[in-house]
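Here is how the chains run, residue by residue.
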Amino acid sequence: MKYDKEWDVIVVGAGPGGSKCAHEFAKRGMKTLVIDKKQEIGAPKRCGEGLSMRWIRITGQKPNPKWALQEIRGAVLISPRGKKVVIDTSKTGQTGYIIERKMWEKELAAEAIRSGAKYMLKANVIDLIKEDDTVKGVVVERDGKEEQYFSKIVIAADGVDSRIARMAGIQTTIPLTECDSGYQYEMANVPIEDPYKMELYFGKEVAPRGYIWVFPKGKDIANVGIGIIGSSEKTAKFYLDRWLENNSRFKDASIIEINAGVIPVCAPIETMVANGLMVIGDAARMINPIHGGGIGSAMEAGIIAAEVGANAIREGDVTRDRLMEYQKRWHEVRGKEFERILKVRKFFEKLSDEQMEIIADAVDPKVLVELGHGKGLATVVKALIKASPSAAKFAMSFLK
Ligand SMILES: Cc1cc2nc3c(=O)[nH]c(=O)nc-3n(C[C@H](O)[C@H](O)[C@H](O)COP(=O)(O)OP(=O)(O)OC[C@H]3O[C@@H](n4cnc5c(N)ncnc54)[C@H](O)[C@@H]3O)c2cc1C
């Protein structure tokens, strides 16, 4: 298939961030090309497929049974010793879905295409075209040939492995300790007690610095996955397999899909723009550092980037200084919340299993929900210090 050489915007990566961003640019009349190295949008998935309603709402979508497979109205948190803390969010409206991400991502792309965006698949962006320190387009490897495409702005939406931002001179490297290693089986014939609740299992022996999840995808299908600290000597697969083998509940279940991937649970990158370039989503490390969800924040960043980018193109000024408005707005909308959540993550990774038990016993489940938004840490810290004064030494610093 032939493509024009000149575009207003080229989006590298047709994940949720890239497709939502392309949709918003195209809606604003910008000639938009999305390029992805994959041959099928959405596959292979690297995802537990949990998506909250607040993020579905920002897409303008209504949950569609084609991809919104299981409504979620809460969670069960299971402590290292097996204490269950049940969280019911049906009354607070914090609901969501376990989605079929392959279907949903294609739908997101279809919406962008209906607004005028074009998609090029099986095309690997191998370099940026630069002139006078400004990004002017991309070099693509497609059908064994190198091709050049030009644009006023390039969006780096190329996910956790992001090479595009680095090509523009932006620092994106993350230490292993700031990444989680994720591994997941989609399994069939899993006994599910309450399909409306996600199950999260904690403990140093279960999942160091992370958790095991069982996300129901209907009556007996579930995503059973794990995220652990990236510097762990033993692999995420080792911990997940061991947990499954020791859990008779899964004896009649079996795997129908295997997924793996890295989750950057770190602070976002310091600089998200260059002359003619903006970085969004996982490429900019915009992930909730406590639970590793990043679909919603990637789309949200895509929307802000398109609003700022389209205006910048109309004004004829795509310099770093002009595009910086995107970074400032993102920090206002989400960055500050993520900073607080990172503090929550750093507190939790210091806890022993014993201290986790104390928290499971002493803290109201509603407060535990708020931690996912970076709120309520002081309440948790105080409860821990009250029940275990020896924790005061490290915990006090988290009250500041
Ligand atoms: C095991 C696991 C479970 C997860 N579970 C959840 C969950 O339940 N809920 C949630 O919200 N988040 C979850 N996440 C995180 C979530 O998947 C990401 O945050 C989300 O996909 C980020 O979207 P994105 O658009 O930024 O990047 P991506 O979805 O990674 O998309 C990037 C795209 O760029 C393309 N690309 C990369 N380089 C190039 C190139 N050079 N040329 C052309 N194309 C390129 C890739 O092919 C890809 O399609 C999970 C992650 C993992 C690993």
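Structural data are supplied above this passage.
Residues numbered from 1 in each chain as written. Predicted model: local features only at pLDDT ≥ 70, side-chain atom pairs only at ≥ 80, totals over all residues. Heavy atoms only, no water.

K.L.:
Where do I start with the site of the ligand in this structure?
P.N.:
The ligand sits among 34 residues. The nearest are G17, D36, G48, R101 and D282. Between the ligand and the protein, one listed contact pairs an oxygen atom with a side-chain N or O atom of K38 at 3.3 Å. Summarising the interface, the protein chains cover 92% of the accessible area of the ligand, which totals 1000 Å² for the free molecule. Broken down by secondary-structure element, the contributors of at least two residues to the shell around the ligand are α1 (16–27), β9 (123–131), β16 (254–264) and α6 (295–315). Taken together, the residues of the shell around the ligand break down into 14 nonpolar, 12 polar and 8 charged. (Near = heavy atom within 4 Å. Polar contact = N/O pair within 3.5 Å; in protein donor to acceptor, adjacent residues only side chain to side chain. Areas by Shrake-Rupley, 256 points an atom, 1.4 Å probe, with all protein chains shown as cover. Helix = DSSP H or I, 4+ residues; strand = E, 2+ residues; numbered from the N terminus. Nonpolar A, V, L, I, M, F, W, Y, C, P; charged D, E, K, R; others polar.)

K.L.:
Whenever I open this one, the side chain of Q355 confuses me. Can you help?
P.N.:
As for its position among the elements, Q355 is in helix α8 (residues 353–362). Judged by its relative accessible area of 12%, Q355 falls in the buried class. A polar contact is formed between the side chain of Q355 and the backbone nitrogen of S352, at a distance of 2.9 Å. With residues near it in sequence (within four places) discarded, Q355 still touches K350, L384, A391 and F394. (Buried < 20%, exposed > 50% of the residue type's maximum accessible area, 1.4 Å probe, protein only. Contact = heavy atoms within 4.5 Å.)

K.L.:
Honestly, the pairing of strand β1 (residues 6–12) in this entry has me stumped. Any pointers?
P.N.:
The two faces of a sheet get side chains in turn, since along a regular strand they alternate between them. For β1, a buried count of 6 out of 7 residues is recorded, marking the element as mostly surrounded by other parts of the structure. Pairing analysis gives 6 bridges linking β1 to strand β11 (residues 145–156), with the strands arranged parallel. The partner of V11 across the bridge, within β11, is I155. Alignment of β1 against strand β2 (residues 32–35), held across 4 bridges, turns out to be parallel. Counted as the bridge partner of V11 is V34 from β2. Between the parallel pair β1 and β2, the chain is carried across by α1, and the sense of this crossover is right-handed. (Pairing = 2+ DSSP bridges. Right-handed = clockwise from strand over helix to strand, strands pointing away.)

K.L.:
Just checking my understanding: could you explain the environment of V333 for this structure?
P.N.:
Of note, V333 is situated in helix α7 (residues 320–348). Among the residues examined, V333 registers a relative accessible area of 43% and is labelled partly exposed. Here the alpha-carbon distance between V333 and I99, two residues 234 residues apart in the chain, equals 25 Å. Setting aside its immediate chain neighbours within four residues, V333 contacts E300 and I304.

K.L.:
Even after reading the chapter, I still don't get the sheet that holds strand β4 (residues 68–72), so can you show me in this structure?
P.N.:
Note on sheets: strands pair through backbone hydrogen bonds, and any given pair is parallel or antiparallel. Read across the sheet, 3 strands follow the order β3-β7-β4 without closing on themselves; strand pairing throughout is antiparallel. Each end of this open sheet is capped by a strand with a single partner; those strands are β3 (50–52) and β4. Across the sheet, the axes of successive neighbouring strands diverge by a mean angle of 30 degrees, strand direction being ignored. Two strands pair when backbone bridges link them, and β4 and strand β7 (residues 96–99) are joined in this way by 4 bridges, in the antiparallel orientation. The partner of E71 across the bridge, within β7, is Y97. (Axes fitted to C-alpha atoms, helices over the stretch in contact; angles between N-to-C directions.)

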